[in-house]
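Residues per chain, in single letters:
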Amino acid sequence: LENLQPEIKGLAERLRYEVSVRGKQLGWSEKVARFQFKKNLRRIVTELYIRDNCHPFKATLLVWVQIPMWVCVSLALRNCSVGAAGSEVQEQFSSGGALWFTDLTAPDSTWILPVSLGLVNLLIVEV
């Protein structure tokens, strides 16, 4: 989308000139000329999005999938860690860890996992 902005700006300037000339020829009012400009600019921008396959909705599509997934996973982990799923699950979490985190129900006192998770997410966003 950002790469299309200079092209859209150039096409908008050209369209503004053409609508101005055409409006003077046909005696359009300022309101009609503005309407024609906006209508044609919207059509041109849509054609550019189709040409380059970069509709703005595609950029937000991943967020609309990730948010419900994050909520569901967070609720599931919370239910498992507080014992809502059953006491046997809580017992497995309290004795099923590895390396320095042997109790999965206790907070990470070294902050290794939260910091590494945050850095990995930041890396994914930046890449």
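Residues numbered from 1 in each chain as written. Predicted model: local features only at pLDDT ≥ 70, side-chain atom pairs only at ≥ 80, totals over all residues. Heavy atoms only, no water.

The name given to the protein in an unreviewed UniProt entry is COX18 protein, and the organism recorded there is Cephalopterus ornatus. We quote the UniProt Subcellular location (unreviewed entry) comment for the protein here in full: "Membrane". (UniProt positions renumbered as here; feature names shortened; annotations may be inferred.)

Let us look at the pattern of salt bridges. Counting across every chain of the model gives 5 salt bridges. Taking the shortest distance from any N to any O, the salt bridge between R51 and E7 comes out at 3.1 Å. Of this pair, R51 sits in helix α2 (residues 30–52) while E7 sits in helix α1 (residues 5–26), and the two are 44 residues apart along the sequence. Under the relative-accessibility criterion, E7 is labelled partly exposed at 31%. In this structure, R51 and D52 form a salt bridge, with 2.9 Å as the shortest nitrogen-oxygen distance. (Salt bridge = Lys/Arg side-chain N within 4 Å of Asp/Glu carboxyl O. Helix = DSSP H or I, 4+ residues; strand = E, 2+ residues; numbered from the N terminus. Buried < 20%, exposed > 50% of the residue type's maximum accessible area, 1.4 Å probe, protein only.)

Moving on to the layout of surface pockets. Taken as a whole, the largest pocket holds about 360 Å³ of empty space. Contributing to the lining of the largest pocket are W100, F101, T102, D103, L104, A106, P107, D108, S109, L113, P114 and L117. Residue composition of the lining of the largest pocket, by class: 8 nonpolar, 2 polar and 2 charged. In this model, the second largest pocket occupies a volume close to 210 Å³. Lining the second largest pocket, in full, are L62, Q66, W70, N121, I124 and V125. At the level of elements, α3 (56–81) and α5 (112–126) are the ones that each hand at least two residues to the lining of the second largest pocket. Residues belonging to the lining of the second largest pocket are distributed by class as follows: 4 nonpolar, 2 polar and no charged. (1 Å grid on protein atoms, 1.4 Å probe; cavity = no way out; pocket = protein on both sides within 12 Å on 5 of 7 lines; lining within 4 Å. Points joined across faces, edges and corners; volume = space filled by probe spheres on them. Nonpolar A, V, L, I, M, F, W, Y, C, P; charged D, E, K, R; others polar.)

Positioned with a positive phi, N53 is a non-glycine residue whose angle comes to about 55 degrees. Unusually for a residue other than glycine, W111 sits at a positive phi of about 65 degrees. By the element assignment, W111 lies in the loop between α4 (87–95) and α5.

Interface extent is often summarised as the accessible area lost during association of the parts. Domains assigned within the protein are domain 1 (3–54) and domain 2 (60–126). Taken over C-alpha atoms, the centre of domain 1 sits 50 Å from the centre of domain 2. (Domains from an automatic or database assignment.)

Within the secondary structure, R34 is located in helix α2. What makes R34 partly exposed here is its relative accessible area of 42%. Expressed as a C-alpha distance, the spacing of R34 and I124, which sit 90 residues apart in the sequence, is 43 Å.

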